[in-house]
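Working through the structure, step by step
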Amino acid sequence: GVPAPVNGAGRSPEHHDGFWARMNPDFVDTFAAWAPLVRVENDATLAAVAERSHGAAVGCDDFVALLAGERFGAGICVDGRLLRGTHGGAGETVAFDLVEGVGSAWGLAPRCVDAARAALASGSLPSDSALRDVDPASIEAKTVLDLAAAGDAGALAVAREVGGALAGVAAVFGSLFDVERVVVSGAIAAGAGPIIEAAIDAIPDSLHLPPPRIVASTLGADIVSIGAVAAAVESARTRALDLAAFAQPEDRARA
């Protein structure tokens, strides 16, 4: 799994500063020298594979697995099929730079930190909030989310602000792809309950379609690895018998 768009052949397109080529330097060709089957995927796509095989999307054909830690990454499954697009860019979240109320592809962790620092700087935190005692330079998303889970009013206000952005993300996916669920995935999912609750409350009624359910993944920080193993097993089951080693003798002779 690589943090770059990946098409059905396992290759990534050119990027203006070469980042995608550094993340996926033709791994398909590199690994093909010693492995008969090679599958390279975008990391969020593998998160979707993991959620559908072992996680919050088992039995669901229409969902988005949203890697939501430092930056948003989306693996999209519609009608039971993973979406990639011409260049593997389906779900590329740079589009959120243009979405009012979301504004960027930054994930939930930096949004928590930024919102908490802004609340500290403005003096808007309640007098009894433990966030008032935290050094702004050392604030981490985990601190904010742990306090929110414990009922801290200041941390809950921060979670509500971040939840508004998550609601915008879920609304876009719900409107464009009519998905049933948006699964908040990755390490941050374990503490994202207050943000998800706020997002559920904030999803606008103007979607016309029923809004997607926003749920937390239970697969943790290993979700991409879990998806990679599941994808490898799937590829082996569907493609192994097509390898030359398993061909009938007459087919080998013709080859």
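Look up: the structure comes first, before these words.
First, a word on what this report is: a plain description of the structure on this page. (Residues numbered from 1 in each chain as written. Predicted model: local features only at pLDDT ≥ 70, side-chain atom pairs only at ≥ 80, totals over all residues. Heavy atoms only, no water.)

**Let's talk about the overall build of the protein chain**
Helices and strands together make up the secondary structure of the protein chain, namely 9 helices and 5 strands. Helices and strands appear in the protein chain in the N-to-C order α-α-α-β-β-β-α-α-α-β-α-β-α-α. For the C-alpha atoms alone, the extent of the protein chain along its principal axes is close to 80 × 40 × 30 Å. Looking at the protein chain as a whole, 43% of its 255 residues qualify as buried. The contacts of the protein chain with a sequence gap of at least 6 include a subset with a gap of at least 24, amounting to 64%. Side chains of the protein chain give 18 positive and 32 negative charges; the mean places of these two sets differ by 6 Å. (Helix = DSSP H or I, 4+ residues; strand = E, 2+ residues; numbered from the N terminus. Buried < 20%, exposed > 50% of the residue type's maximum accessible area, 1.4 Å probe, protein only. Contact = heavy atoms within 4.5 Å. Lys, Arg positive; Asp, Glu negative; His and termini not counted. Charge placed at Lys NZ, Arg CZ, Asp CG, Glu CD.)

**Considerations on helix H5 (residues 141-149)**
Along H5, the residues that are buried comprise Ala-141, Val-144, Leu-145, Leu-147 and Ala-148. Down the axis, H5 shows its buried residues gathered within 160° of arc, on one side only. Opposite the packed face of H5, turned more than 90 degrees from it, sit the exposed residues Lys-142 and Ala-149. Buried residues belonging to H5 abut helix H4 (108-122), helix H6 (153-177) and helix H7 (193-202). Directly beyond the C-terminal end of H5, a positive phi value near 95° is found at Gly-151. (Arc of directions from axis to C-beta.)

**Here's the deal with empty space enclosed by the protein**
Here the idea is plain: a probe the size of a water molecule rolls over the atoms and shows the empty space left. The full count for this structure, using the stated rule, is 1 cavity of 30 Å³ or more. Estimated volume of the largest cavity: approximately 50 Å³. Along its surface, the largest cavity is lined by Val-6, Glu-41, Asn-42, Thr-45, Ala-74, Leu-83, Arg-84, Gly-88 and Ala-90. Of the residues assigned to the lining of the largest cavity, the class counts are 4 nonpolar, 3 polar and 2 charged. (1 Å grid on protein atoms, 1.4 Å probe; cavity = no way out; pocket = protein on both sides within 12 Å on 5 of 7 lines; lining within 4 Å. Points joined across faces, edges and corners; volume = space filled by probe spheres on them. Nonpolar A, V, L, I, M, F, W, Y, C, P; charged D, E, K, R; others polar.)

**A look at the packing of H4 against H5**
Here H4 crosses H5 at 75°, and the two axes come no closer than 8 Å. Here H4 is positioned roughly perpendicular relative to H5, judged by the angle of their axes. Contacts between H4 and H5 involve Ala-109, Cys-112, Val-113 and Ala-116 from the first element and Ala-141, Val-144 and Leu-145 from the second. Class assignment for the residues of the contact of H4 with H5 results in 7 nonpolar, no polar and no charged. (Axes fitted to C-alpha atoms, helices over the stretch in contact; angles between N-to-C directions. Parallel < 35°, antiparallel > 145°, perpendicular 65-115°, else oblique.)

**Topic: the layout of surface pockets**
Empty space within the largest pocket amounts to approximately 640 Å³. Mapped onto the lining of the largest pocket, the elements with two or more residues apiece are helix H1 (19-23), helix H3 (43-54), strand S2 (73-78) and helix H8 (223-239). Considered class by class, the residues forming the lining of the largest pocket number 17 nonpolar, 11 polar and 4 charged. Its boundaries defined by the atoms lining it, the second largest pocket holds a volume of some 510 Å³. For the second largest pocket, the lining is made up of 24 residues, of which Arg-39, Glu-41, Leu-82, Arg-84 and Glu-234 are closest to its centre. Put simply, the parts of the chain that give the lining of the second largest pocket at least two residues each are H3, S2, strand S3 (81-82) and H8.

**What about the packing of aromatic side chains?**
Tallied over the entire structure, the rule returns 5 aromatic pairs. For the ring pair Phe-96 and Phe-173, a centre distance of 5.7 Å and an interplane angle of 90° mean the geometry is edge-to-face. You can see Phe-96 sitting in the loop between S3 and H4 and its partner Phe-173 sitting in helix H6, a full 77 residues away along the chain. The buried category is assigned to Phe-173, whose relative accessible area is 4%. Each residue in the set Phe-72, Phe-96, Phe-173 and Phe-177 is aromatic and connected to the rest through ring pairs, giving one cluster. Here the guanidinium or amino end of Arg-71 rests over the ring plane of Trp-106, the centre of that ring lying 5.0 Å away. (Phe/Tyr/Trp six-rings, centres within 6.5 Å; stacked < 30°, edge-to-face > 60°. Lys NZ or Arg CZ within 6 Å of the ring centre and 35° of its normal.)

**Some remarks on H8**
With 17 residues, H8 extends 24 Å from end C-alpha to end C-alpha; this agrees with the ideal 24 Å at 1.5 Å per step. Along H8, the residues that are buried comprise Ile-223, Gly-227, Ala-230, Ala-231 and Ser-235. The buried side chains of H8 occupy one side of the element, clustering within an arc of 140° when seen end-on. Across H8 from its buried face, at more than 90 degrees, point the exposed residues Val-229 and Arg-237. (Expected span 1.5 Å × (residues − 1).)

Distances and angles like these do not, on their own, reveal function.
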